[in-house]
Amino acid sequence: MTFQEIKELIIQEFGAEVVEAENISGLQPVLTIVKDKLPQIAKFLWSNDKTYFDYLSCITAIDNLKAGIIEIIYNFYSIPYNHHFTLRVETLRGDENNHPKIPTLSEIYKTANWHEREAFDLFGIIFEGHPDLRRILLPADWEGYPLRKDYKEQEYYHGIKVAY
Amino acid sequence: MPTDRIQYIYHKDNLQKSEPTRTKPEDLKTEEMIINLGPQHPSTHGVLRLEVITDGEFVREVIPHMGYLHRCFEKHAENLPYNQIIPFVDRMDYLASMNSEHVYVMGLEKMLGIENTLPKRIEYIRVLVAELNRLASHFVAIGTYGIDIGAFTPFLWLMRDREHIQRLLEWVCGARMLYNYIWVGGLFYDLPVGFEDRCADFIKYLKPKMKELEALVINNKIFIQRTANIGILPLDLAINYGCSGPMLRASGLKYDLRKVDAYSVYPELDFDIPVGKGDMGTVGDCWDRNYVRVLECYESIKIIEQCLVQLTGTHKRTREFDPQAMVPKKIRPKAMDFYVRGETPKGELGFYFRSTGNTDIPYRCKGRSPCFVNLSVINELSKNTMLADLIAIIGSIDVVMGEVDR
């Protein structure tokens, strides 16, 4: 299936309003969808006979400081059909007390569990419904989210000077 | 107040705060206890801590804690030009640097639109060194797996054979493990004069050694009893957890990105994809995972032989050949997002790039490492097994922590 066919399929099932934007200019076309519908759409893509996206390759979070949003990009792959599909959701960056929130996919793809924990660790995105959302690479009491573009590292960590 | 003279304020609360166990002692049932395995463990190349909940000899739950090696690959990548990231890519999976480099460079070449314009000799050299490195990586995996089970000889034998590969690769680019050899649009150098002959000699030497190894460890009765029917990973679970590489193939799926994506000159080469068949136990057990790696070594040898034929025949070295001729002065892809993936010895290595188009520094470069994803299945594999089997299971996953932590 081509990108357009998959898009048509999603629109047929969920209506045209779930698609926020699409970008077909690059090497890999990307479909931006409404973030609240993400688990339903992923489940649909996973279980539908025509698409059967059984493999979630990668979850990438990107901090878009200029636009004031955080983007999350999901690379789906279907092993039997050899299809690729890229979904994208965006959310406001939020602040210390008001983290961006995205529904989790770990119910459908177990692999999303660790990918989402990593995104939480490095970007501070709360994945709603995640069974075990803890930091994964950094210590639990580390301050801030290092891959945000405006990240300032803390001065001392347990008495260790962080910036050298 | 911390001053510059005090390096670390030791306090037991600090330790508890920074690396807490997920399970509290009061959550445990009677007879259960928490055992911390690691931070260092011989079956992992690097630092890993496993929080194991045990009930006597039985493992009830395994919670991996990592991040001890965190070297900030992604943060570094946001501050460096594309070509200067290549040495950092080497350090992700330091046992298979060439493979990682190959995938990374391939992605950039696709973004620049020069992937099909490179001379065939460059592509064959890339595949040759990548497959040599795949052999070396599998040797470490198989050899150290022997140690986990309690056999020391295969480790020594395989380290001896791996040393030959490392000498060869050192001859190629001057470094033993971290090569920075494959460049965007070319190579650092051509192969040294005489390399093809010595590599052919090495292959001739290696073939009988592989047979010896198989007799020593793979068909060994004790080894089979320790690994067969242990840590069974069903195929649907493996796919759902995003496992790749030998992990996935041992579960019975013929899925290799070298064939599926057919990148570089792999479609011109003749090789098979070994899969786990459950010869000694069940499909997808520890024995299968190890055996798939052994079979892959044979396939790599096949590929190397074919590359050598090409490199000494149709695409042989000429005076005019310059491996750096196509290397762009400035690597500046158009504004785009791109996900590239390739097959490293551990599985699917992917990079997600975002380029803004007006600088040669990536806006974002995410590494999707196979070990990170493969390790996430460990809790599922080791539930209700024996503690000694847990070691066999960790070893069979073949994790390199440099890649898990990045």
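Structure shown above.
To keep things clear, this report deals only with the structure shown in the data block. (Residues numbered from 1 in each chain as written. Chains lettered and ligands numbered in written order. Predicted model: local features only at pLDDT ≥ 70, side-chain atom pairs only at ≥ 80, totals over all residues. Heavy atoms only, no water.)

**Concerning the packing of helix H5 (residues 120-149) of chain B against helix H15 (residues 387-397) of chain B**
Residue and element names in this part refer to chain B.
Phase 1 of the analysis: Orientation of H5 relative to H15, taken along the N-to-C sense of each, is 175 degrees, at an axis distance of 9 Å. Here H5 is positioned roughly antiparallel relative to H15, judged by the angle of their axes. Only Ile391, Ala392, Gly395 and Ser396 of H15 make contact with H5, whose side of the interface consists of Tyr145, Asp148 and Ile149.
Phase 2 of the analysis: Considered class by class, the residues forming the contact of H5 with H15 number 4 nonpolar, 2 polar and 1 charged. (Axes fitted to C-alpha atoms, helices over the stretch in contact; angles between N-to-C directions. Helix = DSSP H or I, 4+ residues; strand = E, 2+ residues; numbered from the N terminus. Parallel < 35°, antiparallel > 145°, perpendicular 65-115°, else oblique. Contact = heavy atoms within 4.5 Å. Nonpolar A, V, L, I, M, F, W, Y, C, P; charged D, E, K, R; others polar.)

**Some words on the pairing of strand E7 (residues 347-355) of chain B**
Residues and elements named next belong to chain B.
Phase 1 of the analysis: Where burial is concerned, most of E7 is hidden: 9 out of the 9 residues are buried.
Phase 2 of the analysis: The sheet contact formed by strand E6 (residues 336-344) and E7 spans 9 bridges and is antiparallel. Bridge pairing links Met336 to Ser355 in E7.
Phase 3 of the analysis: Inspection of the sheet shows E7 paired to strand E8 (residues 364-368) by 5 bridges, in the antiparallel sense. Each bridged residue has a counterpart across the sheet, and for Gly350 the counterpart in E8 is Arg368. (Buried < 20%, exposed > 50% of the residue type's maximum accessible area, 1.4 Å probe, protein only. Pairing = 2+ DSSP bridges.)

**Describing the sheet that holds strand E3 (residues 55-64) of chain A**
Think of a sheet as strands paired side by side through backbone hydrogen bonds, with each pair either parallel or antiparallel.
Residues and elements named next belong to chain A.
Phase 1 of the analysis: Taken together, the 5 strands give an open sheet; going across it, the order is E1-E2-E5-E4-E3, and neighbouring strands pair in mixed fashion. The sheet is open, and its two borders are formed by strand E1 (19-23) and E3, each paired with just one other strand. Averaged over neighbouring strand pairs, the angle between their axes works out to 20 degrees when direction is ignored.
Phase 2 of the analysis: In this fold helix H3 (residues 112-123) packs onto E3 and strand E4 (69-78), with an angle of close to 10 degrees to the strand it touches most, E3.

**Some details on the pairing of E1 of chain A**
All names here are of chain A.
Phase 1 of the analysis: Note that E1 and strand E2 (residues 30-33) share 4 bridges and pair antiparallel. Note on E2: the bridge partner recorded for Glu22 is Leu31.
Phase 2 of the analysis: What sits between the antiparallel neighbours E1 and E2 is a turn of 6 residues.

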